[in-house]
Amino acid sequence: MQKRTKKRNKLTTNSEITELAYALHVSANRLRLTISQINIPAAYRLQIARHVQWMIGQAKSLGEELNAPQPNAFLTKDSTEKIAEHLGLFD
């Protein structure tokens, strides 16, 4: 019997997991760029930076949730894009 985790149920496909990982990476990159370009208090910048790191960590951990677990699948946005292209998400 296949075990359920917090991030995935039995009906979640590899494509859906990849799409989520990609969205997390894109959002994290956009937030990181934005906080470096705008004038906000340092404390708020640090708080958002922690959220960025959390999002990247979540994206990376989604590799474990694939049907054939690949812990290094979603380490970067580029590696996630390659997997997404392979799965046909950008068609």
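Residues numbered from 1 in each chain as written. Predicted model: local features only at pLDDT ≥ 70, side-chain atom pairs only at ≥ 80, totals over all residues. Heavy atoms only, no water.

Asker: Is there a simple way to think about the nonpolar core in this case?
Answerer: The nonpolar side chains of a soluble globular protein tend to be buried with one another. Core analysis: the biggest nonpolar cluster contains 15 residues, and Leu 62 and Phe 74 have the highest contact counts within it. Mapped by element, the contributors of at least two residues to this core are helix H1 (14–37) and helix H2 (42–61). Not counting the four nearest positions on each side in its chain, Phe 74 is found in contact with Ile 17, Thr 18, Ala 21, His 25, Ala 59, Lys 60, Leu 62, Gly 63, Leu 66, Ser 79, Thr 80 and Ile 83. (Core = buried A, V, L, I, M, F, W, Y, C linked by side-chain atoms within 4.5 Å. Buried < 20%, exposed > 50% of the residue type's maximum accessible area, 1.4 Å probe, protein only. Helix = DSSP H or I, 4+ residues; strand = E, 2+ residues; numbered from the N terminus. Contact = heavy atoms within 4.5 Å.)

Asker: Help me understand H2, please; the structure alone is not making it clear to me.
Answerer: Turn by turn, an α-helix covers 3.6 residues, leaving residues three or four places apart pointing in a common direction. Between its terminal C-alpha atoms H2 stretches 28 Å, which fits the 28 Å expected from 20 residues at 1.5 Å a residue. Listed as buried for H2 are Ile 48, Val 52, Met 55, Ile 56 and Ala 59. Each buried residue of H2 lies within a common arc of 95 degrees when the element is viewed along its axis, so the set occupies one face. Looking at H2, the residues exposed on the side facing more than 90 degrees away from the buried face are Ala 43, Leu 46, Arg 50 and Trp 54. Residues of H2 that are buried sit in contact with H1. (Expected span 1.5 Å × (residues − 1). Arc of directions from axis to C-beta.)

Asker: Would you take a moment to explain H1 for this structure?
Answerer: The end-to-end C-alpha distance of H1 is 35 Å, a good match for the 34 Å that 24 residues give at a rise of 1.5 Å each. Of all the residues in H1, the buried ones are Ile 17, Thr 18, Ala 21, Leu 24, His 25, Ala 28 and Ile 35. Looking at the buried side of H1, the elements it contacts are H2 and helix H3 (77–87).

Asker: Sorry, what's going on with the pattern of salt bridges here?
Answerer: Oppositely charged side chains are able to pair whenever their charged atoms sit close together. A full pass over the atoms with the stated rule returns one salt bridge. Lys 77 is the salt-bridge partner of Glu 81, the closest N and O atoms lying 3.0 Å from each other. Taken together, the positions of Glu 81 and Lys 77, both in helix H3 and four residues apart, correspond to about one turn of that helix. Given the relative accessible area of 25%, Lys 77 is considered partly exposed. (Salt bridge = Lys/Arg side-chain N within 4 Å of Asp/Glu carboxyl O.)

Asker: Where do I start with the packing of aromatic side chains in this structure?
Answerer: The relation between two aromatic rings is expressed through the spacing of the ring centres and the mutual angle of the planes. By the definition in use, this model includes one aromatic pair. An angle of 70 degrees between the planes, with centres 5.2 Å apart, marks the rings of Tyr 22 and Phe 90 as edge-to-face. Residue Tyr 22 is located in helix H1, and its partner Phe 90 is located in the segment after H3; the two are separated by 68 residues in the primary sequence. Overall, Tyr 22 belongs to the partly exposed group, its relative accessible area being 22%. (Phe/Tyr/Trp six-rings, centres within 6.5 Å; stacked < 30°, edge-to-face > 60°.)

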